[in-house]
Amino acid sequence: MVLRGGTVHDPATGRARVTDVRLEGGVIATGDAQPGDRVIDVTGRIVSPGLVDLHTHIFAGQDLGVDADGVAFPSGTTTMIDTGSAGAHLIGAFRASTLERSTVGIRAFLNIATIGATSILLGGELRAPWYVSEEEAVAAIDAHRDFVVGVKVRASADVGGEHALPALAAARRVADRVGLPLMVHLGPPPVGVDEIADSLREGDILTHAFTGWPGNAVVDDDGRTRPSVARARQRGVLLDIGHGASGFSLEVARRMLAAGQPPDTISTDLHAYSSKTVGDLPQVMSRFLALGMPLGDVLRCTTVTPARAVGLAVGELTPGSRADVTVLELVDADVEYADGFGATIRASRELRAVQTFLGGQQVYERGSA
Ligand SMILES: [Zn+2]
């Protein structure tokens, strides 16, 4: 199969040029079109590695979970990372209900609470401290190393009250024991952004990094990045968006971009209760285009950087890499995006997925059922 005439962005190399992309045997091939190749005209469109969404909730059957394949393919997404929907006691159920029954690429962060981030309509998973078990977490990760890529803790007052900080310490110890990244969510204080940032090491991830909870923003009112966050970035800590229902503030994003501190990864935090606010991954990307971030940077934040953050060899278009490819178009539009904190931004352009290819197989075509 040949995708002909599109502007090909390969964020791994930073290159963007009009060229053909050939998919053969499930990988990106070199060389020109061969007789018998199916040629798809993508003139005027953007050809990108399949999108990688670093923050989702796709645990089938759980109240938070959205349908992985159903959400992924129409949004150009070929890899979804579930971030802590399941803890040690439910990761086997996640494997059976979601990993083994979906086509899209799936990896997961294990929640430090054995019950996982189950219904957000009830108390948070850290309210009962006996659900945090380091031993159970380590055993679960050992048993599911083929798809568990890190440890997640929602260390904030709303999720854990006084137990949030001890849970952060427990998650830190587990991540160190198993040698995987730690992802911490940034929510309302009193667990402070400084305490969280100081606990993170190279390769760890701060998600909801641009959230707007008063007292916990990564940037102050005068546009200065919080020193603890700047230090964490220098150590190699990644700032992830995790838009969600209350994980993203347009004002914080504006200030961070003005301070020369763009995000490392752009993700949705899609779940049953956030999808109305979020839309889909291309719409979250469109917010950053509207904020003035260049397309190439936005694509890097949704392909190669999140892939490498979890040790996956996807998110690039170099010959020989897996043929996860997305065709997008940037259309003139007049749309307004909300941020979950009461602010909106008007955009004159919107990114939309046109075709999605997973391992060389077409899994989505816009307009066809
Ligand atoms: Zn989340």
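Residues numbered from 1 in each chain as written. Predicted model: local features only at pLDDT ≥ 70, side-chain atom pairs only at ≥ 80, totals over all residues. Heavy atoms only, no water.

Draft legend 1. Structural view of helix α3 (residues 134-143). Looking only at α3, the buried set comprises A137, V138, A140 and I141. For α3, the angular spread of buried residues about the axis comes to 165 degrees, placing them on one side. What points out from α3, more than 90 degrees from its buried face, is the exposed set E135 and A143. On the buried face of α3, the contacting elements are α2 (91-97), β10 (105-111), β11 (148-153) and α5 (164-178). (Buried < 20%, exposed > 50% of the residue type's maximum accessible area, 1.4 Å probe, protein only. Helix = DSSP H or I, 4+ residues; strand = E, 2+ residues; numbered from the N terminus. Arc of directions from axis to C-beta. Contact = heavy atoms within 4.5 Å.)

Draft legend 2. Summary view of the domain arrangement of the chain. Annotation of the chain at the domain level lists domain 1 (1-50 + 315-329 + 352-369) and domain 2 (51-309). Computed over C-alpha atoms, the centres of domain 1 and domain 2 are 29 Å apart. Between domain 1 and domain 2, the residue contacts involve 18 residues of the former and 21 residues of the latter. Regarding the contact of domain 1 and domain 2, the summed buried area is about 1400 Å², with carbon and sulfur atoms giving 71% of it. (Domains from an automatic or database assignment. Buried area = accessible area lost by both parts, 1.4 Å probe.)

Draft legend 3. Structural detail: the sheet that holds strand β6 (residues 39-41). Taken together, four strands build an open sheet; the order of strands is β5-β4-β1-β6 and the sheet is mixed. Edge strands, defined here as strands with exactly one partner in the open sheet, are β5 (27-29) and β6. Each strand axis lies, on average, 30 degrees off the axis of its neighbour in the sheet, ignoring direction. Here three bridges tie strand β4 (residues 21-24) to β5, and the two strands are oriented antiparallel to one another. Bridge assignment links R22 to a residue of β5, and that residue is A29. (Pairing = 2+ DSSP bridges. Axes fitted to C-alpha atoms, helices over the stretch in contact; angles between N-to-C directions.)

Draft legend 4. Seen up close, the pattern of salt bridges. By the definition in use, this model includes 27 salt bridges. Between R95 and D146 there is a salt bridge; the shortest N-O distance is 2.5 Å. With R95 in helix α2 and D146 in the loop between α3 and β11, this residue pair connects regions lying 51 residues apart in the sequence. Overall, the relative accessible area of 18% leaves R95 in the buried class. R224 serves as the salt-bridge partner of D222, at 3.4 Å between the closest nitrogen and oxygen. (Salt bridge = Lys/Arg side-chain N within 4 Å of Asp/Glu carboxyl O.)

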